[in-house]
Amino acid sequence: NWPEAAAMAVEEITAKYGKPDGITADELFWLKKGVWKKICVSKMESTHNFPIAHTDMMQTTISYNVPEDKMDDLGKFDGSVTFDRTQGTMSARCDKEANNFLALNLAHDIITNKKTVAQARKAYGDIIKLKMKGGNPLYMAKLTFTPKSNTADPDINTTGLTKDQVTKAITQNTKN
């Protein structure tokens, strides 16, 4: 009962990386395949009109530390590019792995100041058009950078409280 585009995404990833590492009623996921920390295909599609109308259902995740001063730019670039500062990850959610490569490569260009948001949005459309004409753009074939490890950012404690103090307070308050 999966939508056609989601079923095609499952076929694409299974053909390339093998059987999924996990299955739920709504998602299939693969862990540590290729350059990806995680690949997740969901039967719950999201309508997305950038750069053209399509549905998003395949999320690919890499280890990546997004600098705080670039977070707004990523949001302006593409709503399907997300990041988790605490876990140190960046993801793209689209319909094909190649499109996720493209989105993450352009996000990296924004973060490293190779492109502005406007330039990256234009490049996204131009590269999709090139692909549709039979081209094989590098930005859609692979990541053009190497993801780093140890990108998690646990942030800082601003309370001055230790974990033990908080646990004791919670235990004491639940007794009252």
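Here we summarise the structure given alongside this text.

Thresholds applied
Residues numbered from 1 in each chain as written. Predicted model: local features only at pLDDT ≥ 70, side-chain atom pairs only at ≥ 80, totals over all residues. Heavy atoms only, no water. Salt bridge = Lys/Arg side-chain N within 4 Å of Asp/Glu carboxyl O. Helix = DSSP H or I, 4+ residues; strand = E, 2+ residues; numbered from the N terminus. Buried < 20%, exposed > 50% of the residue type's maximum accessible area, 1.4 Å probe, protein only.

Observations regarding the pattern of salt bridges
Proximity of charged atoms lets side chains of opposite charge pair with each other. For the coordinates displayed, the defined rule picks out nine salt bridges. Salt-bridge contacts for Lys 33 lead to Asp 21; the nearest nitrogen and oxygen are separated by 4.0 Å. Of the two residues, Lys 33 sits in strand E2 (residues 27-33) while Asp 21 sits in the loop between helix H1 (4-17) and strand E1 (22-23), which places them 12 residues apart along the sequence. For Lys 33, a relative accessible area of 22% translates into the label partly exposed. Among the salt bridges present, the one from Arg 85 reaches Asp 155, with a minimum N-O distance of 3.4 Å. Linking Arg 85 in the loop between strand E5 (81-84) and strand E6 (89-94) with Asp 155 in the loop between helix H5 (138-141) and helix H6 (163-175), this pair joins segments that are 70 residues apart in sequence. Shared partners join several salt bridges into a network, and the residues in it are Glu 68, Arg 85, Asp 153 and Asp 155.

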